[in-house]
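A structural walkthrough
Read off the chains here:
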Amino acid sequence: MTRTAAALLCLLLIASALAQSTFDDDLFGGEALVTEVDENEEANPADELLESEKIVLGGRFSVSMRADLDLNPDAGEDVVSSGLANLSTRLFLDARPTSDFRFLLKGDANYSTGAGLDFALREMFADIDILDTVFLRAGKQTINWGVGPFFSPANLVNLERIDPENPEEELTGPVALKGQLPIDTSNLTGYLLLNDIGGDENIGVAARYEFLVGNSELTIGGIYDFSSPWALMITATGNVEGATVFAEAVLQGNSDKVFVVADPRSRAGFRITTSDSLSVSGTIGGRFSYTTEDDLYSVSAAAQYLFNGLGYADPSLFTDDPAALAFAQQQIALGNMSLSDLLERGQHNAAIRVSSNDIANTDLTPSVLWLSNLSDGSGLVSAGVRYDGIDFVTLSLDYRYLYGPDGAEYRVAGASHTLSLGVTVSGSF
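These figures come from a predicted structure and were not determined experimentally.

Topologically, Ala-247 is positioned in strand S11 (residues 243–253). Every residue in contact with Ala-247, bar those within four places of it in the chain, is listed here: Val-147, Ile-234, Thr-235, Ala-236, Thr-283 and Ile-284.

Here you go:
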């Protein structure tokens, strides 16, 4: 105890000497060491976290090259094709000068050999906070209503639809004025929609209400526009035995989807038409993930079924007569149809994806994807592996198999068995 007390006394004397030699005497020469400030009872400590005097600039750059090997080429076709698969940059500007105002600008610059450099505006909006009660967002913005990862009939507001092969890709939304009112654990949101600035299109309106029922989250909403389809939707997300389950249902009228129908009186034998009848679409699915206790590997799986009420009741029109598909492609070239009119053309569709991220700490991520139009018997099977062990470089090897009768959704033209090697250089800044 004597030795311990002596040691503590020595440390105290050394610390005192260092303090006197380090700090200037003037530091302690003032009249007071503590300055009292007036307390602002209305100040919100969280506001300081939301304010930024700087404008944040950032983005992501990506360039990828790919070589494709056709495993069953037809006579006269190239066995190997290669080239630039993607060259793009996503840029954003984010400014929050005050706690109740924020501005965001985001866009994509893409380059292709044929079209050259192209810039696409993704988002440009301002957030305004009114009395910490109502939150407004005005401008071009992404508005996600659906919960399905591969198919989403409730995705009624965005201008793009989900790509089942790239479900994480951000979708482009409309120009809108959004008002959100939190109510306890619920949210009431309203929208004024304007897809064409300065055009003659009517302003659409939409509303959504999100609320909790037990451990499940439910959403009900609707969209109405005099010149576009109207729709009512409901979504649900919950948890069952460690798995996330989800569902969507949509009632839609005044559809603007263009259909191809047989018409013996037409010179081509076909004509295009729209349907004014009500349609009902719905989807159900689930997601599940598992990780071992030693983190050696993890498995993630997602499965989804879609009933598309806007699909063809009999999609054999395109598989029985090749002229039907040729007529549809001609109408797309003339601008009378869009490519989306031929997507999800069957009423019954399904998707399953299984992947394992960084398996056994090897930086390898294998994955398998199955997409199918169950109505026309066509589908896509993709199996591949990605390697991320090199900074800013991703290597990938993928096998794709397209099956089904000729003219079906997934078996239109091109190779049915393809092996692809890809190299992507990307980085965030």
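We now examine the side chain of Lys-257. Residue placement: Lys-257 occurs in the loop between S11 and strand S12 (259–262). Lacking a salt bridge, the buried Lys-257 has Asp-341 as its closest oppositely charged neighbour, with an N-O distance of 6.1 Å. Within the structure, Lys-257 has its side chain in polar contact with the backbone oxygen of Leu-310 (distance 2.9 Å). When residues no more than four places from it in sequence are discounted, the contact partners of Lys-257 are Thr-273, Thr-274, Ser-275, Asn-308, Leu-310, Gly-311, Asp-341, Leu-343, Glu-344 and Arg-345.

Direction of pairing for strand S10 (residues 230–240) relative to S11: antiparallel, over a ladder of eleven bridges. By the bridge assignment for S11, Val-240 is matched with Ala-243. Remark: two residues form the turn of the hairpin made by S10 and S11, two consecutive strands paired antiparallel; Glu-241 in that turn has positive phi of roughly 55°. Where S11 lies against strand S14 (residues 279–291), nine bridges are found, and the strand directions are antiparallel. Counted as the bridge partner of Ala-247 is Ile-284 from S14.

Examined against the element boundaries, Leu-188 turns out to sit in strand S7 (residues 186–194). A C-alpha to C-alpha distance of 10.0 Å links Leu-188 and Val-134, two positions 54 residues apart in sequence. In contact with Leu-188, other than residues within four places in its own chain, are Gly-179, Gln-180, Leu-181, Ile-183, Arg-208 and Tyr-209.

Moving on: the pattern of salt bridges. The full count for this structure, using the stated rule, is 16 salt bridges. A salt bridge links Glu-123 to Lys-106; its shortest N-O distance comes to 3.3 Å. With Glu-123 in strand S4 (residues 116–130) and Lys-106 in strand S3 (residues 101–112), this pair connects stretches of sequence that are 17 residues apart. Neither residue differs from the other here; Glu-123 and Lys-106 are each classed as buried. Residue Glu-165 is joined to Arg-400 by a salt bridge in which the shortest nitrogen-to-oxygen separation is 2.5 Å. You can see Glu-165 sitting in the loop between strand S5 (134–140) and strand S6 (175–183) and its partner Arg-400 sitting in strand S19 (residues 393–403), a full 235 residues away along the chain. For Glu-165, a relative accessible area of 31% puts it in the partly exposed group.

Further remarks concern the side chain of Arg-102. Position of Arg-102 among the secondary structure elements: in strand S3. Judged by relative accessible area, Arg-102 falls into the buried class, the value being 16%. A distance of 3.1 Å separates a polar atom in the side chain of Arg-102 from a polar atom in the side chain of Asp-94. If we ignore the near neighbours within four places in the chain, the residues touching Arg-102 are Asp-94, Ala-95, Arg-96, Phe-125, Ala-126, Asp-127 and Arg-137.

Overall, the prediction assigns the chain a mean pLDDT of 84, with 84% of residues at 70 or greater. Considering each helix and strand of the chain separately, the mean pLDDT is smallest for helix H1 (residues 2–22), with a value of 42, and largest for strand S16 (residues 348–355), with 97. The model gives residues 1–40 a pLDDT under 50, and that stretch makes three contacts with residues more than four places away or in other chains.

Here we take up helix H4 (residues 322–334). Across its 13 residues, H4 extends 19 Å between first and last C-alpha, which sits within 8% of the 18 Å expected from 1.5 Å per residue. Residues of H4 that are buried: Ala-324, Leu-325, Phe-327, Ala-328 and Gln-331. For H4, the arc enclosing every buried residue in end-on projection is 160°, short of the 170-degree limit, so these residues lie on one face. Of the residues in H4, the exposed ones pointing more than 90 degrees away from the buried face are Pro-322, Ala-333 and Leu-334. The inward-facing, buried residues of H4 contact S12, strand S13 (270–273) and helix H3 (316–320). Immediately beyond the C-terminal end of H4, within one or two residues, lies Gly-335, with a positive phi of roughly 85°.

Okay, unusual backbone geometry next. Backbone geometry at Glu-241 places phi at a positive 55°, although glycine is not the residue there. Its location among the elements puts Glu-241 in the loop between S10 and S11. By relative accessible area, Glu-241 is classed as exposed at 77%. One non-glycine residue, Phe-392, lies in the positive phi region at around 70°.

This next bit is on the packing of aromatic side chains. Counted under the stated rule, the structure contains six aromatic pairs. Taken together, a centroid distance of 5.3 Å and an interplanar angle of 85° make the contact between Tyr-312 and Phe-318 edge-to-face. You'll find Tyr-312 and Phe-318 in the same group, each marked buried. A network of ring pairs unites the aromatic residues Phe-259, Tyr-312 and Phe-318 as a single cluster. Positioned above the aromatic ring of Phe-125 is the side chain of Arg-137, whose terminal nitrogen or guanidinium carbon lies 4.0 Å from the ring centre. Its end group placed over the ring of Phe-318, Arg-345 keeps NZ or CZ at 4.9 Å from the ring centre.

What counts as what
Residues numbered from 1 in each chain as written. Predicted model: local features only at pLDDT ≥ 70, side-chain atom pairs only at ≥ 80, totals over all residues. Heavy atoms only, no water. Helix = DSSP H or I, 4+ residues; strand = E, 2+ residues; numbered from the N terminus. Contact = heavy atoms within 4.5 Å. Buried < 20%, exposed > 50% of the residue type's maximum accessible area, 1.4 Å probe, protein only. Lys, Arg positive; Asp, Glu negative; His and termini not counted. Salt bridge = Lys/Arg side-chain N within 4 Å of Asp/Glu carboxyl O. Polar contact = N/O pair within 3.5 Å; in protein donor to acceptor, adjacent residues only side chain to side chain. Pairing = 2+ DSSP bridges. pLDDT = per-residue confidence, 0-100. Expected span 1.5 Å × (residues − 1). Arc of directions from axis to C-beta. Phe/Tyr/Trp six-rings, centres within 6.5 Å; stacked < 30°, edge-to-face > 60°. Lys NZ or Arg CZ within 6 Å of the ring centre and 35° of its normal.

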